[in-house]
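If you want the building blocks of each chain, they are given just below.
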Amino acid sequence: MIRSDSSTSLLSSSTDNNNEATSSPPTSLRYTPLSSIGPLINEARTSHGTHFTYPYQFRISQINGLERLIHDNHDAFIKTIQRDLGQGDMYAEAFEVGAALQGRINYTKSNLKSWMATQPKSTPFPTNLNIPVHSELTPYPRGVALLITPWNLPITLTITALLDAIAAGNVCIVKMSEKCVHTTSLLTELLTNGTYLDERVVKVVNGGAEQATELLRHRFDVVSYTGGEMVGRIVNEATAKYLTPTLLELGGKNPVFVTKNADIECAAMRIVWGKISANTGQMCICPDYCLVEESVKEEFVEALCKRMDEFYPVSSYTGNSDGSRGDVGKMITVEHAERVVSMVDSTCKVIYGGEHHDTKERFVAPTILEATADSTIMKDEIFGPILAIVTVPDLDGAIEYVQSNFSSKGKHPLCLYMFTKSKTEQQKIMDSIPSGTCAVNDVIKHSANYNVPFGGIGTSGLGAYYGKFGFDFFSHYRGSLILKNHSTLKWDPAVWMQFPPYNDKKVFAFRSLSKLPLIFGPLKKIVPVAKVLLPFVLGSLLFWAGMMVERFKFFG
């Protein structure tokens, strides 16, 4: 692995838990030579073939290593996030290195032993013909995992993918985004220097499209990709060649339904926060556009503008010495900033903002605008601090808009948001609009819940992960049948029935036994009642038996 000189020296003076040497984040990223990628993958496959990742204690030690990696380098990560994304401390704590990520790690540590355990399973007829026999289900590592992670949540999404894959016992090849130079350089050093993780567990490939293309030429046992739809299709096509299980976490245009039964102030506060504070709109879970009923539109727009002024005043746009701009971050590149600004065309009516953009400094100011179905901004995911509003006559009109423009074309959102106090409306929206995930009267925060799966549907993704669901994706569940009957005697009924020569008697016996589950199946319903009544029945029988014995003695 080739690293930048600055990142190589990052930890050279200290290997203790304080790691003060990480206080100065690296400033450059060295790309991995194409010629070294193949040997790197072969090395990972050879390592995994020794099964060194299988034991529970080893997996826990690696998860503990990930936990220490985040803890020891907390301040250094905050600095790299400031330099790469222009975000402040609160953003880093909330979305990257704080309680949400720590909670996922703790949850996995607490449950890993039970997840890894072999589960006994029932064995039905005719599989159980040769008793004694039992069945079991055991999760095994898939093997060598390729994890391609994005720039918009560079720490959280890299560590989360690693956490799930390592918990399942895989060896990982990680390709992080080259756009987050400082964060990727720091993570590269920390993941591969042997201080926190076994050097055999994680290999890092850095670079751009050429390195990613070279990686996808090779066979992996499981692949996870987080990013845009276009590249997701390329990844899926490449992995399909090897029939590799692939997780695609993509994105899309996430709608927000605001009905006449919504708490308007609550909706405005949460939508504005989710659009701007969540990496300045650069998250696949951000609200993309609002479908607002005409009867509450003016009140809603007024509330939005009020919250914009309160949370993100123009005075905060001037920027801070650390590169951040108050509570409004930067776009990842100049090109991306220019793209977002160019999406506002003549069909849009700007309601708030639209000024103070500084694309050369990667800054796009928070903006609210009215749009139509023909607006450029309604064609693709915005991925920036611009909130589009579409006015609809009523809830049915809002549902029809999404269905005709997106759902009917398989363009399902990753997140479906709605603000309404009516449970009837909530259920109607959820039943009408397919989506990967959903949140009612809130945004963004549902994605931090590791107790439920996170993933898309249609063009917003394929598969799901987080917590147990991530462990399951990175595991192969192998079912096993264990037979303890070694009989070969012809008079053994099971041997007689299973093996040739066959005759009418064997056919009749097999058919008769096949009907037993149909006969005894309904009896299962009375088992709970029978368990309660059985002691009374047995007690009564014993009592009457005793009485009869005493009677016979008396008359005998």
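Quick notes on the rules
The residue count restarts for each chain, going from 1 along the sequence in the order it is written. Side-chain atom pairs in this predicted model are given and counted only at pLDDT of 80 or more, local residue features only at pLDDT of at least 70, and totals for whole chains, interfaces and linings cover all residues. Computation of side-chain values covers all heavy atoms of the structure but excludes hydrogens and water. Under the scheme used here, helices are H or I runs from DSSP no shorter than 4 residues and strands are E runs no shorter than 2 residues, and both carry numbers assigned from the N terminus. Exposed residues in this analysis have more than 50% of their type's maximum accessible area, buried residues have under 20%, and partly exposed residues fall in between, with area computed by a 1.4 Å probe over protein chains only. Two residues qualify as a contact provided that any one of their heavy atoms is within 4.5 Å of a heavy atom in the partner residue. The definition of a nonpolar core used throughout is a set of buried Ala, Val, Leu, Ile, Met, Phe, Trp, Tyr and Cys residues joined through side-chain atoms within 4.5 Å. Within a predicted model, pLDDT stands for the predictor's per-residue confidence, ranging from 0 to 100. Here, a salt bridge means any Lys or Arg side-chain nitrogen found within 4 Å of an Asp or Glu carboxyl oxygen.

Caption draft 1: Region of interest: the overall build of the chain. Along the backbone of the chain there are 20 helices and 18 strands. Residue burial in the chain is summarised as follows: out of 556 residues, 50% are buried. In the chain, 73% of the contacts between residues at least 6 apart in sequence involve partners at least 24 apart.

Caption draft 2: Just the nonpolar core, in detail. Leu 191 and Phe 300 are the most contacted members of the largest nonpolar core, which has 116 residues in total. Considering every element that reaches this core, the biggest residue donor is helix α7 (residues 156–167), with 8 residues. Apart from residues lying up to four places away in sequence, Leu 191 is in contact with Leu 66, Leu 69, Leu 162, Met 176, Leu 197, Val 202 and Val 204. Counting residues in each nonpolar core, the second largest holds 28 residues, with Met 331, Ala 337, Val 364 and Ile 386 among its members.

Caption draft 3: Here's a closer look at the confidence of the model for the chain. Confidence along the chain averages 89 in pLDDT terms, with 88% of residues attaining 70 or more. Within the model, the stretch residues 1–26 combines pLDDT values under 50 with 59 contacts to residues more than four positions away or in other chains.

Caption draft 4: Region of interest: the pattern of salt bridges. Applying the stated criterion across every chain yields a total of 15 salt bridges. The closest approach of N and O atoms between Glu 214 and Arg 217, which form a salt bridge, is 2.8 Å. For Arg 217, a relative accessible area of 51% gives the class exposed. Across the salt bridge formed by Glu 265 and Arg 307, the nearest N and O atoms sit 3.4 Å from each other. Here the residue Glu 265 occupies a position in helix α11 (residues 264–276), and Arg 307 occupies one in helix α12 (residues 297–311), the gap between them amounting to 42 residues. By relative accessible area, which is 11% here, Arg 307 ends up buried. Each of Arg 45, Arg 219 and Asp 221 takes part in a single network of salt bridges with overlapping partners.

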